[in-house]
Structure formats: C-alpha cells, structure tokens
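The chain contents come next:
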Amino acid sequence: MRTALRALAATAAALLAATALSPAAQARPEPEAPEEFVALRSVDPTIIQEMRYTTAHTFLGERVDGYRQPVCILTRPAARALHLAQQRLLRQGYSLKVYDCYRPQRAVDHFVRWAKDLDDQSMKGEFYPRVDKDRLFEDGYIAEKSGHSRGSTVDLTLVRLPALPTRPYRPGERLAPCFAPKGERFPDSSVDMGTGYDCFDTLSHTDDPRIQGVQRANRQFLKRTLTEVGFANLPEEWWHFTFRPEPFPDSYFDFPVHRRPVAGH
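Keep in mind that what you see is a predicted model, and the values were worked out from it rather than measured.

### Examining the sheet that holds strand 4 (residues 94-100)
Think of a sheet as strands paired side by side through backbone hydrogen bonds, with each pair either parallel or antiparallel. On the basis of which strands lie adjacent, the open sheet formed by 5 strands has the order 2-4-5-7-6 and mixed pairing. Looking at which strands have only one partner, the edges of the open sheet turn out to be strand 2 (48-49) and strand 6 (231-233). The pairing of strand 2 with strand 4 spans 2 bridges and is parallel. Of the residues in strand 4, the one forming a bridge with Ile48 is Lys97.

Structure, rendered in structure tokens:
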C-alpha cells in the first residue's frame, strides 16, 4: 500500500511540475504600449491630473478595470499639443485638468458589462438622473469601442489658477445631479462648465442652447484653445477632444494604465 501511495504522490508531483512549466499555465504577459505612447507628465508636468477612473467616483461607483495608477497616457503628438495649449493657458491664468486619457479596451468592456446590469443604478442620482439605464446604448452614452483606446483622445477641463484641490469622493455620500448649479453638485476645482464631468445628459452637448453666460463662454474658451492646437471636440461632450490626425486611427489598445508600459518612452 505504501509503495502504491508513493507512486501516486510521485505521479501527482510530476503532473504539477508539468503544469507549472506549461506555457498555457503561465500568466499571460500584459500587452505592450507602442513607443508612440508617453506619460503626459513627461511632456508637461504642469497639467493637472485628476484621473477619475482610478477612484470610486465614477458612473459605475467603483474603480474601472485596467486603471492601476492615476497616470495620463497619450500618443506623443497629442501630449505635445496639450503642452502647447497649456503654455498659452498659463499665460492667461488657467491650467488644463485631465480626467481621462488613453483608456484600455478592458475598461470599455467594464462599461459595457455595467450598462447591461440594469439592477446596478447606485450612481444614477449624479451621473444619469434623467436617462433610463436601458437606453444608455441606444442614446450613445455607452459603446463597445471607444476612441480613447486609440490613445489620442482626452477628457479635460479648465482650472483657474491658483488651483484648489478637489476633495475626495466618499462612497455612499449623498449624490447631487451632475447638471445642478455648481455650488450644489460634487465640488470640482474647474471653472463652471454647466455640468460635471461624465454627465449623461443633453446639457453636456457643447453647444446646447440652454447653456449660456459664463458657462457657455468657458466651454467655448476650452474648445477654441484646443482647436487651435489640433484637437476636435465631440459635440455631445464638452470635455471630450481628439487630436487629429491620429497616429493609430484603426487600433484599439488594451495595455493597462500604469507607468510601466510607457517607462522610458
């Protein structure tokens, strides 16, 4: 019996060793970032970064898949264009603040899974108070592909200097609609754009006629500044800009948001 048990143990050990050495059992290496991708901070360290998707203050109510560090990654031409815009803004007493930059495909997949889960509406009160969750795909708020995954799209706003820090979001705190007056919605160090970031509402359309006065002027100032350095605005989102021409117009990348994939670029 002891001999049989020893034989079985040896066989099990051999199988475990074979499995450990098997390529299929090895952890798959993370996708690499092309050399054309850089950390924005290496091009312009003065641009404020508030990378929302590394926090729980998102329309999902949790950190988004693939966002491992709060670092803005972009293609080099897009980062250089933001640097030019920032130089002009600093002379006028303003700074850019980025909310999101390159977005891995796994993050977009996370958005899609969340949108299909109609029972999860924990952040509705802030981000989509007037939109039924079952219409997020039909209304264009969620899609299975994002231009952010190509690396030349950025979500951003303007901050009047000197910049004040944005207080941390406290999970479970009372939510205010993203289109509420600035003093009532979640505090943000940006100038008043009429809505908060990621507001799923037609009031977020850059030229919505209901947005007037200082709010409209702030949107047009941001749009004009970025257009002059090569960015195009998405009309449905005042914060969304894509640098043209894109280095990777047909590619959707999936390397994680982390300093490591762009180290040394």
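### Here's the deal with the packing of aromatic side chains
Under the criterion given, the structure shown has 23 aromatic pairs. Judged by centre distance (4.1 Å) and plane angle (15°), the ring pair of Tyr102 and Phe255 falls under stacked. With a gap of 153 residues between them, Tyr102 in the loop between strand 4 and helix 4 (105-116) and Phe255 in the segment after strand 7 (240-243) connect regions that are remote in the sequence. For the residue pair Tyr102 and Phe255, the accessibility class agrees, reading buried in each case. Grouped by ring-pair contacts, the aromatic residues Tyr53, Phe59, Tyr67, Tyr99, Phe111, Trp114, Tyr128, Tyr141, Tyr197, Phe200, Trp238 and Trp239 constitute a single cluster. One Lys or Arg, Arg130, reaches over the ring of Phe179 and ends 3.9 Å from the middle of that ring.

### Description of the state of the cysteines
Counted under the stated rule, the structure contains 2 disulfides. Here Cys178 engages in a disulfide with Cys199; their sulfurs sit 2.0 Å apart. What sets the handedness of the Cys178 and Cys199 disulfide is the S-S torsion sign, and at about 60° it is right-handed. Here Cys199 lies in the loop between strand 5 (153-160) and helix 6 (213-227) and Cys178 lies in the loop between strand 5 and helix 6, a separation of 21 residues in the sequence. A residue is classified by how much of its surface remains accessible, and Cys178, at 2% relative accessible area, is buried.

### Remarks on the pattern of salt bridges
According to the stated counting rule, one finds 19 salt bridges in the structure shown. Two residues, Asp100 and Arg103, come together in a salt bridge whose shortest N-O distance is 2.8 Å. Judged by its relative accessible area of 0%, Asp100 is buried. Here Arg103 falls in the buried class, since its relative accessible area comes to 8%. A salt bridge links Asp155 to Arg103; its shortest N-O distance comes to 3.6 Å. With Asp155 in strand 5 and Arg103 in the loop between strand 4 and helix 4, this residue pair connects regions lying 52 residues apart in the sequence. Judged by its relative accessible area of 1%, Asp155 is buried.

### Description of the packing of helix 3 (residues 76-90) against helix 6
For the pair helix 3 and helix 6, the least separation of the axes is 9 Å and the interaxial angle reads 130°. When the axis of helix 3 is compared with that of helix 6, the two are oblique. Where helix 3 crosses over helix 6, the handedness of that crossing is right-handed. Of helix 6, the residues touching helix 3 (which contributes Leu82, Ala85 and Leu89) are Phe221, Thr225 and Leu226. Residue composition of the contact of helix 3 with helix 6, by class: 5 nonpolar, 1 polar and no charged.

### Things to note about the nonpolar core
With 62 residues, the main nonpolar core has Leu82, Val98 and Phe231 as its most contacted residues. Elements that contribute at least two residues to this core include exactly strand 1 (37-39), strand 3 (73-75), helix 3, strand 4, helix 4, strand 5, helix 6 and strand 7. By residue number, the principal contributor to this core is helix 3, which donates 6 residues. For Leu82, the contacting residues outside a window of four places in its chain are Leu40, Ile47, Leu74, Leu96, Val98, Val154, Leu156, Leu226 and Phe231.

### Digging into the pairing of strand 4
Among the 7 residues of strand 4, 7 are classified as buried, and the element is accordingly described as predominantly covered. By the bridge criterion, 6 bridges tie strand 4 to strand 5 in an arrangement that is antiparallel. Looking at the pairing, Lys97 lines up with Thr157 of strand 5.

### Some words on the pairing of strand 7
On strand 7, burial covers both faces: His240 and Thr242 on one face and Phe241 and Phe243 on the other are all buried. The pairing of strand 5 with strand 7 spans 3 bridges and is antiparallel. Pairing of Asp155 across the sheet is with His240, part of strand 7. Sheet topology note: the strand 6/strand 7 ladder contains 3 bridges and is antiparallel. What sits directly across from Asn233, in strand 7, is Phe241.

Conventions used here
- Residues numbered from 1 in each chain as written.
- Predicted model: local features only at pLDDT ≥ 70, side-chain atom pairs only at ≥ 80, totals over all residues.
- Heavy atoms only, no water.
- Pairing = 2+ DSSP bridges.
- Helix = DSSP H or I, 4+ residues; strand = E, 2+ residues; numbered from the N terminus.
- Phe/Tyr/Trp six-rings, centres within 6.5 Å; stacked < 30°, edge-to-face > 60°.
- Buried < 20%, exposed > 50% of the residue type's maximum accessible area, 1.4 Å probe, protein only.
- Lys NZ or Arg CZ within 6 Å of the ring centre and 35° of its normal.
- Disulfide = S-S within 2.5 Å.
- Salt bridge = Lys/Arg side-chain N within 4 Å of Asp/Glu carboxyl O.
- Axes fitted to C-alpha atoms, helices over the stretch in contact; angles between N-to-C directions.
- Parallel < 35°, antiparallel > 145°, perpendicular 65-115°, else oblique.
- Left-handed = near helix turned anticlockwise from the far one by under 90°.
- Contact = heavy atoms within 4.5 Å.
- Nonpolar A, V, L, I, M, F, W, Y, C, P; charged D, E, K, R; others polar.
- Core = buried A, V, L, I, M, F, W, Y, C linked by side-chain atoms within 4.5 Å.

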